[in-house]
Amino acid sequence: ALEGIEERGGGVAVRENGTMQRPTASACRLAAACSSGRRQRRRVRRDATRQEDENSSSWWTPPLEAKAKLRLGAKGSVAALSILLALESGIDHDLLAPVFGPDRVQVASALPASGGAASLMAEEDAVTTIFRENTASVVNITNLQQGRMGGSLDITEVPVGTGTGFVWDDKGHVITNFHVIKGASDVRVTLIDKNTYAATVVGFDEDKDIAILTLQGVNPRDLIPIRVGRSGGLLVGQTVFAIGNPFGLDHTMSSGIVSGLGRVIQSQSGRPIRGAIQTDAAINPGNSGGPLLDRKGQLIGVNTAILDPTGRGANVGVGFAIPVDTVRGIVEQIITYGKIVRPYLGITLAPDQALAQLGRKGVLVLDVPANSPASGRLQPTYRSLTGIVLGDVIVAVDGKPVEGSGDLYGCLDALKVGDTVRLTVKRGKGSREEVSITLGGKTTTFES
């Protein structure tokens, strides 16, 4: 209704068909009301500006408090909010200084910059730095075994598998999984510079799937040891990185998070590895033995297995790594003493399926060798004239329930040679008995 009315020379005129016509009395009254409204709004803005100048000493407040104090219903406050948002958006100082003064603009410009392309680039730079600083520590391992190629009758060394490892120290020690080098007649290690060296096995712990190699003829100056961290303080949700050689693609990096802690996986020997780190970082065949790193680029685990419900060896986002705190103890023991010593009961266990088929829980003692710690204390399974007589069934260790061999091994891993354990066993027709046994030591010695 107001589009055709405008002030002209102190009066008003009505625009009609491109020409100015004398307005009617009602149009004049309407134009006067509009002009009065505009003058009133200008007075409100002047009063708001004057009030802000009087309170200039306390004008600046942190952005959230400032927004809380604004009253969006007032025209002047809406303008103030718009300028405040402009300040936070990083508008040029020179444009706002005439309005608020240089001091206030200085305060506004000191606000921390919001996230965006710059922060994303910084995050990417941190990731590329982790790769750049650690990739030279990662090696490719080839397992060679004697065999025949094609239709030849000659026996030669044939590559049967590849994996990953990493440089532990400047003395030529390389760490990998035991299953990567299992059965090898020869092992070859390729560094980042594509030079390949023969490697000998210093020692291994099959129960924990860890092996230590040493490179032959390598210059120590060509080795860059990995930085070893700790796994004890890990939390679910932390960012992790895996570097390895999946499917023969050397020095491939993947990222993910710590998806779970304290997992139990099975080693090549059938014994459980407790405390494993679960991650969704892509781990595929060829990644075994490679490092799992934290955001500082420090070693926190050794990638060793994946959950593969398809049976095709493909990653489904559930991988496992042996925690570095476990690895460190094994590696230092083998390098320093040339052997590993583990506590043991000295018994042979029946497969868990044997009791499962009978609907019973526990661990069945199959044999008790002479001169073992359990000799004369536990009863083995044997064959009589009437059939097979089951031996003792261990159902608890120091009061902790044992439902299978994994539970028994887990209890023993927490003990040391010379400790005395109290076993609860079911004997004969089901009577429960308590048996105390002092653990012996099982020593595996490696030639130097």
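Keep in mind it's a predicted model, so treat the numbers as computed, not measured.

Some thoughts on the confidence of the model for the chain
Predicted confidence across the chain gives a mean pLDDT of 77, with 69% of residues reaching 70 or more. In this model, residues 56–114 is a region of pLDDT below 50 whose contacts with residues beyond four sequence positions or in other chains number 39 contacts.

A word on the packing of aromatic side chains
Counted under the stated rule, the structure contains two aromatic pairs. Between Phe178 and Phe204 the ring centres are 4.8 Å apart and the planes differ by 35°, which places this aromatic pair in the tilted class. Highlighted residues: Phe178 in helix H7 (residues 178–181) and Phe204 in strand S8 (residues 196–205), separated in sequence by 26 residues. Considering the side-chain rings of Phe204 and Phe446, the 5.2 Å spacing of their centres and the 65° angle between planes classify their relative orientation as edge-to-face. Of this pair, Phe204 sits in strand S8 while Phe446 sits in the segment after strand S25 (440–445), and the two are 242 residues apart along the sequence. Assessed through its relative accessible area of 13%, Phe446 is described here as buried. By the ring-pair criterion, three or more aromatic residues cluster together here, those being Phe178, Phe204 and Phe446.

Details of the side chain of Asn303
Positionally, Asn303 belongs in strand S14 (residues 299–306). Only 3.2 Å separates the side chain of Asn303 from the backbone oxygen of Pro291, close enough to count as a polar contact. Sequence-distant contacts of Asn303, that is, excluding residues within four places in its chain, are made with Asn177, Ala242, Ile283, Asn287, Ser288, Gly289, Gly290, Pro291, Leu292, Phe320 and Ala321.

Some points on the pattern of salt bridges
Within this structure, the stated rule accounts for 15 salt bridges. The shortest N-O distance in the salt bridge between Asp413 and Lys208 comes to 3.2 Å. Of the two residues, Asp413 is situated in helix H10 (residues 405–413) and Lys208 in the loop between S8 and strand S9 (210–215); the sequence distance between them amounts to 205 residues. Glu434 is paired through a salt bridge with Arg422; the nearest N and O atoms lie 3.3 Å apart. Here Glu434, found in strand S24 (residues 431–438), pairs with Arg422, found in strand S23 (residues 420–427); they are 12 residues apart in sequence, far enough to count as distant. Judged by its relative accessible area of 36%, Arg422 is partly exposed. Connected through salt bridges with shared partners, the residues Asp207, Lys208, Arg271 and Asp413 form a single ionic network.

The rules behind these values
- Residues numbered from 1 in each chain as written.
- Predicted model: local features only at pLDDT ≥ 70, side-chain atom pairs only at ≥ 80, totals over all residues.
- Heavy atoms only, no water.
- pLDDT = per-residue confidence, 0-100.
- Contact = heavy atoms within 4.5 Å.
- Phe/Tyr/Trp six-rings, centres within 6.5 Å; stacked < 30°, edge-to-face > 60°.
- Helix = DSSP H or I, 4+ residues; strand = E, 2+ residues; numbered from the N terminus.
- Buried < 20%, exposed > 50% of the residue type's maximum accessible area, 1.4 Å probe, protein only.
- Polar contact = N/O pair within 3.5 Å; in protein donor to acceptor, adjacent residues only side chain to side chain.
- Salt bridge = Lys/Arg side-chain N within 4 Å of Asp/Glu carboxyl O.

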